[in-house]
Amino acid sequence: MNFTLKIWRQKNANAKGSFQTYPLKDVSPEMSFLEMLDYLNNQLIARGNEPVTFEHDCREGICGSCGLYINGRPHGPQRSTTTCELHMRDFKDGETIVIEPWRSKAFPVIKDLIVDRSSFERIMHAGGFVNVNVGCAPESNSNPIGKLIADKVFDAAACIGCGACVAACKNSSAMLYAAAKIAQYAMIPQGKVEAKERVDKMVKQMDAEGFGFCSNTYACEFDCPKGISTDFIALMNREFFSSKACKQKHA
Amino acid sequence: MKKSVINLSSLSQKYVMALAGMFLMIFLIFHLATNLLMLAGDGGKAFSEAVTFLTESPLVKIMEYVLFAGFLIHILLGLVLQWHNYRSRPVKYHTRLRSETSTFSRFMFHTGVIIFVFLVIHLINFFFIRLGWVAQPDHAAHQHDFYSMAVVLFQNPWYTAIYLVSFVFLGFHLKHAFQSSFQSLGLNHTKYTPVIKVIGIIYAIAISVGFAIIPVYFLFFY
Ligand code: HEM
Ligand code: FES
């Protein structure tokens, strides 16, 4: 297959970037999208040019680092698919493919297609954990959790933090991410203890990072490679309200 | 780390927006119910009686201020949200496919602005007269006769057109707004949310068609 690639190139965080066009010939339909970029980079290096910088790690859809905005969609045209799981057979031969980094004030570009997603990390640092006294592993049945709740928590925990929700949202809002991270603790006994404090701190940090607000367009759910549901955003809204409404004054 | 213009968390602002919006949606039901009395075919007698009752009720007088505040809060916060959301993506995408989710949700600000323009025209047409800010049309038989004012107004096809177009956009706004306000308040449920969405569509159509019947009636059938 032959493609024309239109790729965002930007030397560093402060440089002014621009699109560069690269024709690419003899691409195998079985190549993953990232393999296609490797293939391009090998040719660029052979010609003595700077390769295209993009982020990747697991290449099996679990680490969340490979987010690219491909032809107007986060992670490309396939639903429930990360860029690394996308294959060139999903494109038309001869097609022009536009590849951009995530665009958000809270995700500044570091180089070419890589953005700095440490704003997500800071939201987690603000409260995305459970404080426990470290000892030996607790007996597994000492915290009974219903199957339905366990499944829901697992759905929330499926978030890989790739940032597609922010990229997809017209407001570049991080509410789906924050909601999934809040929900994965809020529904189980281990996390409930600190639930109110957690939602308060995490929302505060999310706001401080400069993400937009939620307009309930649900574009995030549509473009999330893990299909995280916007039901979790409603859950976050509930949790937040109860954290405010039932806040106790400290002596 | 620049905060939004208002020193309230993102979720609190969404709460206020949704509550103000819900209040306005309830107001629309009462407003429509009163207006439909114009179609009673009694020369506006039932309608005028209802208006007299309402304007003399102390509760309605208080609610008028609450309503004004509701609009003000909803509109100002809408502007603030839109401004903040716009700034959260300083560099726009080169190629952006249309989102495949709800269309109207992306145009809440735009439909809101159209409703606001309509609101100004509407207040000039009717409400400001009561405050003495605008002169009453000569043809209206007696003071504050909203029925005759409506008759005069809607026999002008331009006004009828402006009102009808505005009701269409109001319907678009409400179609998303209804279910969105529940979601913003965290009122989401696997069993009831689909029901809320259907009620929202029925509500949006009922409100815009309901209001639209009145100018159409006066233009063509009066
Ligand atoms: C009778 C008139 C109106 C009613 C009943 C109404 C109702 C609503 C409701 C219920 C919502 C959903 C709130 C949420 O999702 O949390 C909403 C959203 C919104 N409204 Fe209105 N509205 C009206 C007029 C206006 C006007 C005049 C504006 C002017 C700017 C406006 C701007 C907005 C905006 C920008 C949003 C979306 C906020 C967001 O992105 O989350 N609305 N409206
Ligand atoms: S590289 Fe890990 S999810 Fe794609």
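> What is the right way to read the overall build of chain A from this model?
When its secondary structure is counted, chain A shows nine helices and seven strands. In terms of overall dimensions, chain A has a C-alpha envelope of 70 × 40 × 35 Å along the principal axes. Looking at chain A as a whole, 54% of its 251 residues are labelled buried. Within chain A, contacts between residues at least 6 apart in sequence are counted, and of these 68% link residues at least 24 apart. Carbon together with sulfur atoms contributes 53% to the accessible area of chain A, which is approximately 11600 Å² in total. In chain A, the 30 positive side-chain charges and the 28 negative ones have mean positions that sit 7 Å from each other.

> Please explain the coordination of the iron atom of ligand 1 as it appears in this structure.
Expected angles at a metal are 109.5 degrees for tetrahedral coordination by four donors and either 90 or 180 degrees for octahedral coordination by six donors. Residues and elements named next belong to chain B. Around the iron atom of ligand 1, the protein contributes the donor atoms H74 (NE2) and H173 (NE2), at 2.0 to 2.1 Å from the metal centre. Every donor counted, the six donor atoms about the iron atom of ligand 1 form angles of 88 to 179 degrees at the centre, which fits octahedral coordination. Of this pair, H74 sits in helix α3 (residues 58–87) while H173 sits in helix α6 (residues 157–184), and the two are 99 residues apart along the sequence. Residues H74 and H173 agree in their burial class; the two are buried.

> What exactly am I supposed to notice about a nonpolar patch on the surface here?
All names here are of chain B. On the surface, V113, F116, V117, V120 and I124 cluster together to form a nonpolar patch covering roughly 380 Å² of accessible area. Within the element layout of this structure, I124 appears in helix α4 (residues 108–131). Judged by its relative accessible area of 40%, I124 is partly exposed.

> What should I look at first to understand the pattern of salt bridges in this one?
Side chains carrying opposite charge are able to pair once their charged atoms draw close together. All names here are of chain A. Scanning the entire structure with this criterion turns up 13 salt bridges over all chains. As a salt-bridge pair, D112 and R9 come within 3.2 Å of each other at their nearest N and O atoms. Residue D112 is located in the loop between β6 (109–111) and β7 (114–115), and its partner R9 is located in strand β1 (residues 3–9); the two are separated by 103 residues in the primary sequence. Comparing D112 with R9 shows no difference in burial state: the two are buried. Its salt-bridge partner being D200, residue K244 comes within 2.9 Å of it at the nearest N-O pair. Highlighted residues: K244 in helix α9 (residues 231–245) and D200 in helix α7 (residues 195–208), separated in sequence by 44 residues.

> Help me understand the domain arrangement of chain A in this model?
As a measure of interface size, the accessible area lost when the parts come together is often cited. Residues and elements named next belong to chain A. Each assigned domain of chain A is listed here: domain 1 (3–110) and domain 2 (118–249). Taking the mean C-alpha position of each, domain 1 and domain 2 sit 29 Å from one another. Across the boundary between the two partners, domain 1 contributes 18 residues, which contact 20 residues of domain 2. Of the roughly 1500 Å² buried between domain 1 and domain 2, counting both surfaces, carbon and sulfur atoms make up 57%. Where domain 1 meets domain 2, there are one salt bridge. In this structure, R73 and D223 form a salt bridge, with 3.1 Å as the shortest nitrogen-oxygen distance. Here domain 1 is connected to domain 2 by five residue pairs in polar contact (both at pLDDT 80 or more). Per-class residue counts for the side of domain 1 that touches domain 2 are seven nonpolar, seven polar and four charged.

Rules of the game
Residues numbered from 1 in each chain as written. Chains lettered and ligands numbered in written order. Predicted model: local features only at pLDDT ≥ 70, side-chain atom pairs only at ≥ 80, totals over all residues. Heavy atoms only, no water. Helix = DSSP H or I, 4+ residues; strand = E, 2+ residues; numbered from the N terminus. Buried < 20%, exposed > 50% of the residue type's maximum accessible area, 1.4 Å probe, protein only. Contact = heavy atoms within 4.5 Å. Areas by Shrake-Rupley, 256 points an atom, 1.4 Å probe, with all protein chains shown as cover. Lys, Arg positive; Asp, Glu negative; His and termini not counted. Charge placed at Lys NZ, Arg CZ, Asp CG, Glu CD. Donors = N, O, S within 2.8 Å, 3.2 Å for Na, K, Ca; no water. Tetrahedral: all angles 85-135°; square planar, octahedral: opposite > 155°, others 65-115°. Patch = residues over 30% accessible without salt bridge, like charges linked within 9 Å, V, L, I, M, F, W, Y side chains within 5 Å. Salt bridge = Lys/Arg side-chain N within 4 Å of Asp/Glu carboxyl O. Domains from an automatic or database assignment. Buried area = accessible area lost by both parts, 1.4 Å probe. Polar contact = N/O pair within 3.5 Å; in protein donor to acceptor, adjacent residues only side chain to side chain. Nonpolar A, V, L, I, M, F, W, Y, C, P; charged D, E, K, R; others polar.

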